[in-house]
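What follows is the residue order along each chain.
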Amino acid sequence: MLLDLPKPAGSSRSHTYLACQMFKSFEQKSAVKSDKLYRMTLHVGRGTNTEMPANLIGAYVPVFVGADSREAAAFKAVADVRIRGFNFIDIADGQIHELDPYRWDAFVIEAWPDFVTEFPTQSKMIEALRANFVFIGPYAAYETQTPQTR
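Conventions used here
- Residues numbered from 1 in each chain as written.
- Predicted model: local features only at pLDDT ≥ 70, side-chain atom pairs only at ≥ 80, totals over all residues.
- Heavy atoms only, no water.
- Helix = DSSP H or I, 4+ residues; strand = E, 2+ residues; numbered from the N terminus.
- Buried < 20%, exposed > 50% of the residue type's maximum accessible area, 1.4 Å probe, protein only.
- Contact = heavy atoms within 4.5 Å.
- pLDDT = per-residue confidence, 0-100.
- Phe/Tyr/Trp six-rings, centres within 6.5 Å; stacked < 30°, edge-to-face > 60°.

### Description of unusual backbone geometry
A cis geometry characterises the amide bond from Gly-137 onward to Pro-138, with omega recorded as -5 degrees. Within the chain, Asn-132 stands out as a residue other than glycine whose phi angle is a positive 80 degrees. Here Asn-132 is to be found in the loop between helix 3 (122-129) and strand 7 (134-136). Note on Asn-132: relative accessible area 7%, which makes it buried.

Quick look at the structure:
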């Protein structure tokens, strides 16, 4: 990969927690010149974000982005999570996948069957794709240690 993005600092996580909350963003900024859609999984830290429950310190989150290239998609995804107050740690698996926007509904049903209603429909995604589409979620969050009993 040709991106010069920050690499993760060492972190220890002994307990994982699937956060079922979905976070969405349909930003309307400058128009995208193509119908390209990319997906990547970002590893983020809490940062100054206040929506993440207090006991959680980080998360892995899929980000779907309309952009002209993989590099542009990565920078747009990182900028979006930073705007939300998260610390960007890394692209979790180092990969950025191009998706067929005209197979979005089938992708969502296959990849996220329990969250289908939380994702935009294919028609809404394609409409937003042409106007700077960014969609984030669901988050798989974690905490450093198991909660203490009282």
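### Some words on the side chain of Thr-41
Considering the arrangement of structural elements, one finds Thr-41 in strand 3 (residues 37-45). The residues touching Thr-41, leaving out its near neighbours within four places in the chain, are Tyr-60, Val-61, Pro-62, Asp-90, Ile-91 and Ala-92.

### Some points on the confidence of the model for the chain
Do not read the predicted coordinates in detail wherever pLDDT is low. Model confidence for the chain is summarised by a mean pLDDT of 80, while 73% of its residues fall at 70 or above. Confidence over residues 1-33 falls short of pLDDT 50; this stretch has 94 contacts with residues more than four positions distant or in other chains.

### Focus: the packing of aromatic side chains
Each pair of aromatic rings is reported with the distance of its centres and the angle of its planes. Scanning all chains against the criterion turns up 12 aromatic pairs. Where Phe-86 meets Tyr-139, the ring centres are 5.5 Å apart and the plane angle is 35 degrees; that geometry is what we call tilted. Here Tyr-139 lies in the loop between strand 7 and strand 8 (140-143) and Phe-86 lies in the loop between helix 1 (70-83) and strand 5 (87-91), a separation of 53 residues in the sequence. Under the relative-accessibility criterion, Phe-86 is labelled buried at 4%. Within the aromatic cluster, the residues linked to one another by ring pairs are Phe-64, Trp-104, Phe-107, Trp-112, Phe-115, Phe-119, Phe-133 and Phe-135.

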